[in-house]
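As a plain string of letters, each chain reads:
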Amino acid sequence: MNSLPGEAVFTITSLKKSFKDLIAVDNISFEVHKGEIFGLLGPNGAGKTTTINMICGLLPATGGTIEFQFCEKKEIRSFIGYCPQENIYFPKLTCLEQIVFMGNLYGIPANECRSRGLDLLEMLGLTNKLKVYARNLSGGMKRRLNIALALIHNPPILILDEPEAGLDPQSRVLVRNFIKSLSKEKTIILTSHNMDEVDRLADRVAIMDWGKIMLTDTPYNLKNSIGEGDVLEIEITEDTGGKTDSLISALRHEYNVIRSGNSLIIKAVHLIDKIHGITSSIKEAGLTIKEIKLRENTLEDVFIHLTGRMLRQ
Amino acid sequence: MKLLSIIVKSLKEQWRSFWILLLTLSMGPFFIFVYYLIIESSKPHYDVVIINNDRGYIIGSESVNKGEEYILFFTGKVKDTVDMPFSIKKAYSKPDALKALKNKKNDALVIIPEDFSKQIIEHRNADSTGPVEIQFYGDLTSVNYLLSALWANETLNSYLKKATGSSDLIRISETGIGTSSSISDFDMIVPGILIVSIIMLMFTASIAFVSEVENKTIIRLKLSRVTSFEFISGITVVQLIVGIISILLTLITAAMLGFEFRGSATVFILIASLTSLSIIAFSLIIAALTKTANEVLVVGNFPLALFMFFTGAAFPFRSEGFFTLFGYPVSLQGLMSPTHAISALNKILIMQMKLRDIIPEIISLIILTIIYFLVGMILFRRNHMKLK
């Protein structure tokens, strides 16, 4: 790969894909930079997998372009490692056999395939399953094998479609750390419904819905700019003199405030920086704070704010 | 490198698909065995039961029993005649013998009377008191009875002439053919069944192709930029090996049951290889039209039935050609490659012809194999490997 650090690895411009009357991907544009983990979020049927299939070269685009900076488009399949949403493996081959087989298909010599395969299987916690047929593995192991299969040819770009789907918490941590470790040398694109996973892993996130990209930014920026923001819940001592009502009126000039019994629920972006001012106002109003809870704005809040609550496919 | 990897992988998968492999490899030997049993059990055989009531006759100090002598004469005659499908049994109870006759356990019952020896000896001494009565029992509408009675009667007459010292007015010379000829009915069906063993390859080959689609591993192959040609060639090589093993196992089974291999082994392998390739190519068409192994097992039955019953594989099938091309008949059945393979094997194994005599069959097999492969490859690429 000849691209400079941070340089765009590929640029998507006005990409479209339609299946007869259905527009699956509608005029999307974004670029992915070298060494970043790029998260593609969206509800079911948003067009994520279709977009990924077009990037991998498995699906021709109806319109638009995908420009790769470091290779010809016809070579792209060798430069991409793809771990599809569904576990795809050769059921009658052992873990090591299929890793070596796939490596051979990418033109890697057998010895190199074997040693690289052994390393990958070890990193993904499958060393003791080398000679086990893939069909006999547990769901989590199959998922990890799938990731190993995507990496056998050491591709500079790794595309992971729901990499943590079906994994138990231990495997999730292992896979997450593994992906993090890969990001030092690879560009990674991942899709997921698990917002926590994307928040922890992704450097940048694109949120897709109805085939369109709605926003692209870092998780931090998204959380701090989209939605109702952080939620601060303050429980105060019982008020008999109407001090609380006066306080709420004062706070409402700046914040969205709701009263629930003896609690005040305050919603705003960047509340962490404003807690001191709020608590001072409460004390100045002659009220005593019993308990304070602060919940940060999450990526899920941002996602729901942008895509709504309507159920999809 | 890629091709070799696909061959090795396909070989492992084929070996691990043990039951379907066993089904394919065992069908040829199984059919050979079944046909052998059918032919053996349908061979003509005649059971004659004789009750000897003859009390014998004393000449001087010596007792003779002409009834026993006749039975020995009849038995000896049967033994002396090559491939004579008769068996002579003795019985002692008329009701039991009649019961066995009614139950088709025997074909004819002959009862020798008490004064059989006496009458023969008196006839020889020219003081006979009348003809001796031999009783024949049997189903008059049964061909088996008629043949059994005819032979019993013939041998009886021969014996009586010998026993009474009568001279022959005429002499009949008889030469047997049919069952005494060098090629048996079993030999005749072997070429067809050898091709059946290759036709069964249709299932393993189709499943080998379609399993990549069913498991979605075709996506991995597409990502690795394996070409359709490499993928299809890899599987074809393995299936060709299975086909050759299958026909050899069938041939060995046939040989163990009495089939005599007469033709050239090289030409035989050539025909077997071409036929295997044509069946693999046809399997590619089936795989292109299906998505799962279950669908293959359902859809594959239609061409299987056509290939087995309308090409002469399972039983001899004659069809008039629409026209002849360089003396070779062109018919609708000719669209199915086994038709030509069976014709070629019949010429080589039965008629002991040479390679030059089966050139039309070889050319037909090659042309059909190419057509099947082209159609299969186009359909498979369009339905399973093309970007959509």
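Note that the structure is predicted; figures quoted are calculated from it, not measured. (Residues numbered from 1 in each chain as written. Chains lettered and ligands numbered in written order. Predicted model: local features only at pLDDT ≥ 70, side-chain atom pairs only at ≥ 80, totals over all residues.)

Caption draft 1: Structural context of the overall build of chain A. Helix and strand counts for chain A come out as 11 helices and 13 strands. Scored against the burial criterion, the 313 residues of chain A give a buried share of 40%. Relative to all contacts within chain A whose residues are 6 or more apart in sequence, the contacts with residues 24 or more apart total 72%. (Helix = DSSP H or I, 4+ residues; strand = E, 2+ residues; numbered from the N terminus. Buried ≥ 20, exposed ≤ 12 C-beta atoms within 10 Å, placed from the backbone. Contact = placed C-beta atoms within 7 Å.)

Caption draft 2: The arrangement of the overall build of chain B in detail. Check the secondary structure of chain B and you find 15 helices and eight strands. A compact globule built from 388 residues should have a C-alpha radius of gyration of about 21 Å, whereas chain B, at 31 Å, is more than 25% larger. Once the C-alpha set of chain B is aligned to its principal axes, its extents read approximately 105 × 45 × 35 Å. Within the span of chain B, comprising 388 residues, buried residues form 40% of the whole. At a minimum sequence separation of 6, the contacts of chain B that also span at least 24 residues come to 81%. (Rg over C-alpha atoms; globule rule 2.2 N^0.38 Å.)

Caption draft 3: Molecular detail of the interface of chain A and chain B. Counting from both sides, the interface comprises 22 residues of chain A and, opposite them, 20 residues of chain B. Looking at the side of chain A that touches chain B, the elements that each hand over two or more residues are α2 (76–79) and α3 (95–105) of chain A. Ranked by residues supplied to the side of chain A that touches chain B, first place goes to α3(A) with five residues. Of the residues that constitute the side of chain A that touches chain B, the class distribution is 15 nonpolar, three polar and four charged. (Nonpolar A, V, L, I, M, F, W, Y, C, P; charged D, E, K, R; others polar.)

Caption draft 4: Expanded view of the packing of helix α8 (residues 201–214) of chain B against helix α10 (residues 228–256) of chain B. Residues and elements named next belong to chain B. At a minimum axis distance of 10 Å, the contact between α8 and α10 shows a crossing angle of 160 degrees. Classed by the angle they form, the pair α8 and α10 counts as roughly antiparallel. α8 and α10 meet at a crossing whose hand is right-handed. For the pair α8 and α10, the contacting residues are L201, T204, A205, A208 and F209 in the first and I235, Q239, V242, G243 and S246 in the second. Within the contact of α8 with α10, the residues separate by chemical class into six nonpolar, four polar and no charged. (Axes fitted to C-alpha atoms, helices over the stretch in contact; angles between N-to-C directions. Parallel < 35°, antiparallel > 145°, perpendicular 65-115°, else oblique. Left-handed = near helix turned anticlockwise from the far one by under 90°.)

Caption draft 5: Expanded view of the domain arrangement of chain B. Each assigned domain of chain B is listed with its residue range as follows: domain 1 (2–39 + 182–385) and domain 2 (45–180). Taking only C-alpha atoms into account, the centre of domain 1 of chain B sits 55 Å from that of domain 2 of chain B. (Domains from an automatic or database assignment.)

Caption draft 6: Representation of the nonpolar core. One finds I99(A), A148(A), I159(A) and I199(B) to be the most contacted residues of the largest nonpolar core, which totals 140 residues. Ranked by residues supplied to this core, first place goes to helix α11 (residues 265–289) of chain B with 15 residues. When residues no more than four places from it in sequence are discounted, the contact partners of A148(A) are I99(A), L120(A), L121(A) and L124(A). Within the second largest apolar cluster, 23 residues are counted, among which are V49(B), L101(B), A149(B) and W151(B). (Core = buried A, V, L, I, M, F, W, Y, C linked by C-beta atoms within 7 Å.)

Caption draft 7: Spotlight on unusual backbone geometry. The backbone of S14(A) sits at a positive phi, close to 50 degrees, despite the residue not being glycine. You can see S14(A) is positioned in strand β1 (residues 8–19).

Caption draft 8: Looking closely at the environment of K283(A). By the element assignment, K283(A) lies in helix α10 (residues 275–284). Put simply, K283(A) and R252(A) are 31 residues apart on the chain and 17 Å apart in space, counted from C-alpha to C-alpha.

Caption draft 9: Up close: the pairing of strand β9 (residues 212–217) of chain A. All names here are of chain A. Looking at chain direction, strand β8 (residues 204–209) and β9 are connected through five bridges and run antiparallel. Looking at the pairing, M208 lines up with I213 of β9. Following β8, the chain reverses through two residues before pairing antiparallel with β9; W210 in that reversal takes a positive phi of roughly 50 degrees. (Pairing = 2+ DSSP bridges.)

Caption draft 10: Structural view of the sheet that holds β9(A). Residue and element names in this part refer to chain A. Pairing is mixed in the open sheet, where six strands are placed in the order β5-β6-β7-β3-β8-β9. Pairing within the sheet leaves two strands with one partner each, and these edge strands are β5 (80–83) and β9. With direction set aside, neighbouring strand axes in the sheet form an average angle of 15 degrees. Two strands pair when backbone bridges link them, and strand β3 (residues 37–41) and strand β7 (residues 187–192) are joined in this way by five bridges, in the parallel orientation. Directly across from F38, in β7, lies its bridge partner I189. Lying over the sheet, helix α11 (residues 299–307) contacts β3, β8 and β9, oriented at roughly 30 degrees with respect to β8.

Caption draft 11: Molecular detail of the sheet that holds strand β1 (residues 46–52) of chain B. All names here are of chain B. In space, the four strands of this open sheet follow the order β4-β1-β5-β6, with mixed pairing throughout. Strands with a single pairing partner mark the edges of an open sheet, and in this sheet they are β4 (86–91) and β6 (135–137). Within the sheet, the average angular offset between the axes of one strand and its neighbour, ignoring direction, is 20 degrees. Packing of helix α4 (residues 94–102) onto the sheet brings it into contact with β1, β4, β5 (108–112) and β6, and relative to β5 it is tilted by some 160 degrees.

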